[in-house]
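# Notes for the structure review
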Amino acid sequence: MKSQHELCIGSLRSGGLITNYHCSSKCRHCLYASSPRRSKDYIDEETAVNVFKTVISLGCYSLHIGGGEPFLNQEGLKKVLITAGKVGMDIEYVETNSSWFQDKDSAIRLLEGLKTNSLNTLLISISPFHNEFIPFYKVKEVIHACNKAGISVFPWIYDFYGDIDRFPDDKPVPYSLYTETFGTDYTKKLFRRYWIHPGGRALTALAEVYGRKNTALLIKDRTPCIELANTSHFHFDLYGDYIPGLCSGIRIGMKDMGKPLSKEKYPFIYLLYNYGIKGFYDEVVSTFGFIPKESYISKCDLCLDIRRFLVMEKNMDNVEFGPKGFYEEL
Ligand code: SF4
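None of the values given here were measured: they were computed from a predicted structure.

When helices and strands are tallied, the chain shows 13 helices and 10 strands. Computed over the C-alpha atoms, the radius of gyration of the chain is 20 Å, within 12% of the 20 Å expected from 2.2 N^0.38 for a compact globule of 330 residues. Buried residues in the chain amount to 55% of all 330 residues. In the form shown here, the chain has an accessible surface area of approximately 15,000 Å², with 50% of it arising from carbon and sulfur atoms. Here the chain contributes 40 positively and 39 negatively charged side chains, and the mean placements of these two sets differ by 2 Å.

Here it is, written out as structure tokens:
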């Protein structure tokens, strides 16, 4: 008889495809710990086909594309769009940080070419975190190029445009200038204006905003991590792995979608899904000798620290946690 406690991703609601983790920036709020040091691997055609077919088989017919920075491999991006069209997967939008902009003509040419491959909307990142790495003139130019090429712009988020435009737009702006200019509580206010998931690298930035909780309290929490079953903002990555919920650094193989995950193959996910952070923590302390810090921002911060310990200090190479570059670049 099937156990009720085995996680099963039997249908999908809304999500995206991470084509690459490599990025021109190392934003302090990045959930997927992308950076210039991450591998330049880009999704290949076969994996893209398999991901699209799997997603469709689980009842979801559209995806967005994100990274890393998808435009760092423009041929690769074009192939993904063509593949999506062939398989019948609708692409809602492609995310970009605009770092690839070189000049007006080549940007318009590139976008016009991608439009013929059904790129209709570009989500353009606009935030002080991105502005630490990308001169704002590039963002303005990509918006302009979209207008010329007939591609819709989804500014994420427009609310920051005025803040960023206070500074010269020809070079990146250190984040310290934002707090000097707008006040020391700028970060706190920023997190109210901008949806940022408290995971990955964002957890460090969030400590300043939300403070920390005593570990002794956190490890009493046996509440099952039902977040793992949430498919309202799922992602697949370039290796064909499914990232459950928004629990970056946790993965499920594509072949295991649509059926209960066995306790033997996914023992840690089983613990988290059944016994919450307490079950996971107890197991790793007793089996691997994990020693926690005194405090964490949240159970997810503790979870991430335990996983980082397993991957980086115990050299664990398992199906559940990875890719390793995520843990290296937090
Ligand atoms: S504790 Fe871990 S598994 Fe549970 S929701 Fe947070 S990141 Fe996901």
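Turning next to unusual backbone geometry. Going from W156 to I157, the amide bond is cis rather than trans, its omega being 0°. Tracing the backbone shows I157 in the loop between strand 5 (152-156) and helix 6 (161-164). Non-glycine residue S118 carries a positive phi angle of around 70°. Mapping S118 onto the fold places it in the loop between helix 3 (104-116) and strand 4 (121-125).

The biggest cluster of nonpolar side chains holds 108 residues, and the ones touching the most others in it are L12, F71, L111, L122, F236 and F280. The element best represented in this core is helix 11 (residues 267-288), accounting for 9 residues. When residues are assigned to domains, this core turns out to be shared by domain 1 (15-194) and domain 2 (217-328), each giving three or more. The contact partners of L111, leaving out residues within four places of it in the chain, are F71, W100, L119, L122, V142, A145, C146, A149 and I151.

This next bit is on the domain arrangement of the chain. By the assigned domains, the chain splits into domain 1 (15-194) and domain 2 (217-328). Its C-alpha centre places domain 1 at a distance of 27 Å from the equivalent point of domain 2. When domain 1 packs against domain 2, the two sides together hide about 1,700 Å² of surface, and 69% of this comes from carbon and sulfur. Among the residues domain 1 hides against domain 2, the three largest losses belong to Y21, L31 and Y32. Together they make up 28% of the total. For the interface between domain 1 and domain 2, the tally reads 0 salt bridges. Inspection of the region where domain 1 meets domain 2 yields 9 residue pairs in polar contact (both at pLDDT 80 or more). Elements with a contribution of two residues or more to the side of domain 1 that touches domain 2: strand 1 (15-18), helix 1 (45-57) and strand 2 (62-66).

With that settled, the discussion passes to the sheet that holds strand 2. On the basis of which strands lie adjacent, the open sheet formed by 8 strands has the order 5-4-3-2-1-7-8-9 and mixed pairing. Here the strands that pair on one side only, and so sit at the sheet edges, are strand 5 and strand 9 (252-253). Pairing geometry for strand 4 and strand 5, over 5 bridges, is parallel. Residue pairing in the sheet places L123 in a bridge with F154 of strand 5.

Here is what the cut-offs are and how they apply
- Residues numbered from 1 in each chain as written.
- Predicted model: local features only at pLDDT ≥ 70, side-chain atom pairs only at ≥ 80, totals over all residues.
- Heavy atoms only, no water.
- Helix = DSSP H or I, 4+ residues; strand = E, 2+ residues; numbered from the N terminus.
- Rg over C-alpha atoms; globule rule 2.2 N^0.38 Å.
- Buried < 20%, exposed > 50% of the residue type's maximum accessible area, 1.4 Å probe, protein only.
- Areas by Shrake-Rupley, 256 points an atom, 1.4 Å probe, with all protein chains shown as cover.
- Lys, Arg positive; Asp, Glu negative; His and termini not counted.
- Charge placed at Lys NZ, Arg CZ, Asp CG, Glu CD.
- Core = buried A, V, L, I, M, F, W, Y, C linked by side-chain atoms within 4.5 Å.
- Domains from an automatic or database assignment.
- Contact = heavy atoms within 4.5 Å.
- Buried area = accessible area lost by both parts, 1.4 Å probe.
- Salt bridge = Lys/Arg side-chain N within 4 Å of Asp/Glu carboxyl O.
- Polar contact = N/O pair within 3.5 Å; in protein donor to acceptor, adjacent residues only side chain to side chain.
- Pairing = 2+ DSSP bridges.

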